[in-house]
Amino acid sequence: MKFSALCKLAVAGIAISSLVACEKPQQVKPVTEVLVNTVKQYPYKNNTNYVGRLTAASDVKIQARVVAKITEVNFKDGSYVEMGTLLFKLNDNELQAALKKMEAQRDRAKTSLSVAVKNFKRGKELEPDGYISSSEIDDLEGKVDEAKASLDSAEAELETAEVTLSYTKILAPISGKIERSTYSVGDLVSPESGSLTTIVATNTMEVPFQLSENVYWQVVRKYQKLESTKKDNKYNAPIVKISLNNEEIYPYEGVISYVSNRVDPETGTMEIRATLPNPDGMLKPGQYVKVILEAPQDVDVTMIEQGAVQSDQQGDFVMIVSKDNVVNRQNVKLGKRVDTMVIVNEGLSGEETLVVIGVQRIRSGQTVKTKQIKAVSAESH
């Protein structure tokens with residue numbers, strides 16, 4: 001009996017040993033490794049984009065101011081003309097004759113005044129001896145006044161004739177590119193003939209665009225307040241840049257020259273006009289351009305890599321690593337994208353350890369192994 005029991009115990013022990021020997025050792029799950037970076041602030045100039053259409057700062061229509069035939073056209077269509085250049089010469093024969101007539105009337109009025117003055121002086125000399133009455137003196141004095149008035153009238157008419165004669169020489173009122181002439185030598189023109197040609201000042205261009213009321217209060221109005229206090233606002237004025245159709249940034253910066261005094265109630269925008277130099281004539285009236293309104297100074301903003309951001313029904317969020325290597329979700333509110341970075345308006349204060357690569361392989365509350373990546377340069381922001 002004892003031998004049988006021993007045998008049973010031995011068999012049971014062998015079976016247990018066999019079962020233990022068949023069990024596989026438990027494998028430890030490796031800790032997930034993620035690439036992290038430190039949240040930092042970078043200098044950034046805020047800017048907003050708008051669509052504008054270029055217009056000439058000065059666009060002058062040339063018109064005739066007298067009725068006369070054109071005798072000379074002294075410019076080439078499409079050429080650049082300087083202010084004061086003689087553009088058209090009109091026939092002035094009739095006006096020259098009218099001028100001579102006015103000169104003759106002026107001379108007669110001068111003679112009449114001279115005679116009236118002499119008669120009055122003689123009368124004043126004879127009055128003490130009683131050779132002339134007081135009423136006659138008054139009459140002589142009245143003739144002097146009448147002669148003076150006639151001379152003033154003649155001189156005014158002569159001046160009018162001189163001005164009218166000057167209208168036969170039509171000069172360029174501004175410098176700029178001149179369009180083709182709509183009339184030729186021999187054509188009779190008058191003030192009712194409309195535009196003879198137009199001159200566009202090409203050295204300065206304007207670009208009107210619509211600005212939201214919110215941006216106006218943030219940028220433009222702030223500058224206007226500084227300007228009204230006569231402080232040095234050289235570095236506080238918003239910078240205006242434009243981008244051409246090929247996305248090339250125009251090399252010359254502009255300034256805001258006009259702000260509308262009212263807001264469109266339907267769109268919530270107001271008209272702003274910027275003036276830009278155009279020394280090379282690159283800009284043409286009618287061109288559509290992208291207007292870039294840029295803040296005058298850098299401000300420090302929090303930026304993170306766009307790849308670190310995830311989104312779900314609750315909004316945008318990132319994964320932050322604590323000091324004990326545990327990751328946790330952090331909700332964020334994002335701003336504009338800047339190259340490969342994105343501005344964080346709310347949610348991060350800086351210096352947090354941010355998971356940049358590997359965010360899809362982790363969950364909140366998980367312990368991770370971190371590896372620092374090279375910081376992203378923000379020099380171009």
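Read on for an overview of the structure.

Conventions and cut-offs
Residues numbered from 1 in each chain as written. Predicted model: local features only at pLDDT ≥ 70, side-chain atom pairs only at ≥ 80, totals over all residues. Heavy atoms only, no water. Helix = DSSP H or I, 4+ residues; strand = E, 2+ residues; numbered from the N terminus. Buried < 20%, exposed > 50% of the residue type's maximum accessible area, 1.4 Å probe, protein only. Contact = heavy atoms within 4.5 Å. Phe/Tyr/Trp six-rings, centres within 6.5 Å; stacked < 30°, edge-to-face > 60°. Lys NZ or Arg CZ within 6 Å of the ring centre and 35° of its normal. Expected span 1.5 Å × (residues − 1). Core = buried A, V, L, I, M, F, W, Y, C linked by side-chain atoms within 4.5 Å. Salt bridge = Lys/Arg side-chain N within 4 Å of Asp/Glu carboxyl O. Pairing = 2+ DSSP bridges.

1. Looking at the overall build of the protein
At step 1: The number of helices and strands found in the protein is 4 helices and 25 strands.
At step 2: Put simply, the protein has 381 residues, and 34% of those count as buried.
At step 3: In the protein, once contacts between residues fewer than 6 apart in sequence are set aside, the share between residues at least 24 apart is 76%.

2. Things to note about the packing of aromatic side chains
At step 1: Enumeration over the complete set of coordinates arrives at 3 aromatic pairs.
At step 2: Taking 5.4 Å as the distance between ring centres and 80° as the angle between the ring planes, the aromatic pair formed by Phe75 and Phe88 counts as edge-to-face. Of this pair, Phe75 sits in the loop between β6 (68–73) and β7 (80–81) while Phe88 sits in strand β8 (residues 86–90), and the two are 13 residues apart along the sequence.
At step 3: The exposure class assigned to Phe88 is buried, which follows from its relative accessible area of 0%.
At step 4: Between Arg273 and the ring centre of Tyr258, over which it is positioned, the NZ or CZ distance is 4.4 Å.
At step 5: If you follow Arg329 out to its NZ or CZ, it ends over the ring of Phe317, 3.9 Å from the centre.

3. As for helix α3 (residues 134–166)
The periodicity of an α-helix, 3.6 residues per turn, causes residues three or four positions apart to be oriented the same way.
At step 1: The terminal C-alpha atoms of α3 lie 48 Å apart, and with 33 residues this matches the ideal 48 Å at 1.5 Å per residue to within 8%.
At step 2: Taken together, the buried positions of α3 are Ile137, Leu140, Val144, Ala147, Leu151, Ala154, Leu158, Ala161 and Leu165.
At step 3: On its buried face, α3 sits against α2 (93–126) and β9 (169–171).

4. Here's the deal with the nonpolar core
At step 1: Within the largest apolar cluster, 24 residues are counted, with the highest numbers of intra-cluster contacts made by Val81, Leu87, Phe88, Leu90 and Ile199.
At step 2: Secondary-structure elements contributing two or more residues to this core are β6, β8, α2, α3 and β12 (195–200).
At step 3: If you look at the next biggest cluster of nonpolar residues, it comprises 22 residues, including Leu54, Met205, Val215 and Tyr250.

5. Some thoughts on α2
At step 1: Here α2 contains 34 residues, and its C-alpha end-to-end distance of 50 Å stays within 8% of the 50 Å for a straight helix at 1.5 Å per residue.
At step 2: When we look at burial in α2, the residues that qualify are Leu95, Leu99, Met102, Arg106, Ala109, Leu113, Ala116 and Gly123.
At step 3: Where α2 is buried, its residues touch α3.

6. Notes on unusual backbone geometry
At step 1: The backbone of Asn325 sits at a positive phi, close to 65°, despite the residue not being glycine.
At step 2: Examined against the element boundaries, Asn325 turns out to sit in the loop between β20 (315–321) and β21 (327–331).
At step 3: Backbone geometry places Asp339, a non-glycine residue, at a positive phi of 55°.
At step 4: In this structure, Asp339 sits in the loop between β22 (333–338) and β23 (341–346).

7. Overview of the pattern of salt bridges
At step 1: Using the criterion set out here, one finds 9 salt bridges in the structure.
At step 2: Among the salt bridges present, the one from Lys89 reaches Asp92, with a minimum N-O distance of 3.5 Å.
At step 3: Overall, the relative accessible area of 14% leaves Lys89 in the buried class.
At step 4: Taking the relative accessible area as the measure of exposure, Asp92 reaches 18% and is therefore buried.
At step 5: Across the pair Glu294 and Lys241 runs a salt bridge, and its minimum N-O distance is 3.7 Å. Within this pair, whereas Glu294 is found in strand β17 (residues 288–294), its partner Lys241 is found in strand β14 (residues 239–243), the two being separated by 53 residues in sequence.
At step 6: Judged by its relative accessible area of 12%, Glu294 falls in the buried class.

8. A closer look at the sheet that holds β12
At step 1: If you walk across this open sheet you meet the 4 strands as β5-β12-β10-β7, and the pairing is antiparallel. Each of the sheet's edge strands pairs with one partner strand only, and the pair in question is β5 (59–63) and β7.

Scope: geometric values only; no functional claims are made or implied.
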